[in-house]
Amino acid sequence: MYARHVSFNLKAIKREEVTQIFETEILPLLQKQNGFTDELTFVSPEGKQAVAISLWESRENADRYSRESYPQVLKSLAKVVEGTPKVQVYEIAHSTFHKTAATH
């Protein structure tokens, strides 16, 4: 399993704007991607930074998304992001996420 970790600085906006963009534009796009399993989005308490972590079944799925669909995500985020988001890809070494999700 792989994770794409995207960190970015936010313009002076409301947290709700970021949430709305993720819920109405980005998440529907991610859900159409082969191998996509989940998305976690974090916004700092002061609303100046955010991190989005998407989980993928394989590196190939994450790489395909990066090439084919991520440019569209950047266009959606341009409304709220200041500067260029930083993307890092990780192989997941251990997770209890699936165990936690199964119990709720």
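Residues numbered from 1 in each chain as written. Predicted model: local features only at pLDDT ≥ 70, side-chain atom pairs only at ≥ 80, totals over all residues. Heavy atoms only, no water.

### With respect to the overall build of the protein
Helix and strand content of the protein: four helices and four strands. Ordered by position from N to C terminus, the α and β elements of the protein give β-α-β-β-α-α-β-α. The globule rule puts the C-alpha radius of gyration for 104 residues at 13 Å, and the 14 Å found for the protein is close to it. Taken over the C-alpha atoms alone, the protein extends approximately 35 × 30 × 20 Å along its principal axes. Here the protein, with 104 residues, has 36% of them falling under the buried criterion. Pairs at least 24 residues apart make up 71% of the contacts formed inside the protein by residues separated by at least 6 positions. (Helix = DSSP H or I, 4+ residues; strand = E, 2+ residues; numbered from the N terminus. Rg over C-alpha atoms; globule rule 2.2 N^0.38 Å. Buried < 20%, exposed > 50% of the residue type's maximum accessible area, 1.4 Å probe, protein only. Contact = heavy atoms within 4.5 Å.)

### Digging into the packing of aromatic side chains
Summed over the entire model, instances satisfying the criterion amount to three aromatic pairs. An aromatic cluster is built from Phe36, Trp56, Tyr65 and Tyr70, whose rings are joined through pairwise contacts. Between Arg4 and the ring centre of Tyr70, over which it is positioned, the NZ or CZ distance is 4.7 Å. (Phe/Tyr/Trp six-rings, centres within 6.5 Å; stacked < 30°, edge-to-face > 60°. Lys NZ or Arg CZ within 6 Å of the ring centre and 35° of its normal.)

### Considerations on helix α1 (residues 15-31)
The terminal C-alpha atoms of α1, which comprises 17 residues, lie 22 Å apart, in line with the 24 Å expected from a rise of 1.5 Å per residue. Phe22 marks where α1 bends most, by close to 40°. Along α1, the residues classified as buried are Val18, Ile21, Phe22, Ile26, Leu29 and Leu30. (Expected span 1.5 Å × (residues − 1). Bend = angle between axes of the 7 residues up to and from the residue.)

### Side note on the pairing of strand β3 (residues 49-56)
Bridge count for strand β1 (residues 2-10) against β3 is eight bridges, and the pairing is antiparallel. The residue of β3 that forms the bridge with His5 is Ile53. For strand β2 (residues 36-43) and β3, the ladder comprises seven bridges, and the chain directions are antiparallel. Along β3, the bridge assignment pairs Phe42 with Val51. (Pairing = 2+ DSSP bridges.)

### A word on the nonpolar core
Formed by 22 residues in total, the largest nonpolar core has its most connected members in Phe8 and Leu77. Among the elements that line this core, the one with the most residues is α1, at six residues. (Core = buried A, V, L, I, M, F, W, Y, C linked by side-chain atoms within 4.5 Å.)

### Comments concerning helix α2 (residues 59-68)
Turning to α2, its buried residues are Asn61, Ala62 and Tyr65. In an axial view of α2, the angular spread of the buried residues amounts to 100°, which keeps them on one side of the axis. Turned more than 90 degrees away from the buried face of α2, the exposed residues are Glu60, Arg67 and Glu68. Buried residues along α2 sit in contact with β1, α1, β3 and α3 (70-77). (Arc of directions from axis to C-beta.)

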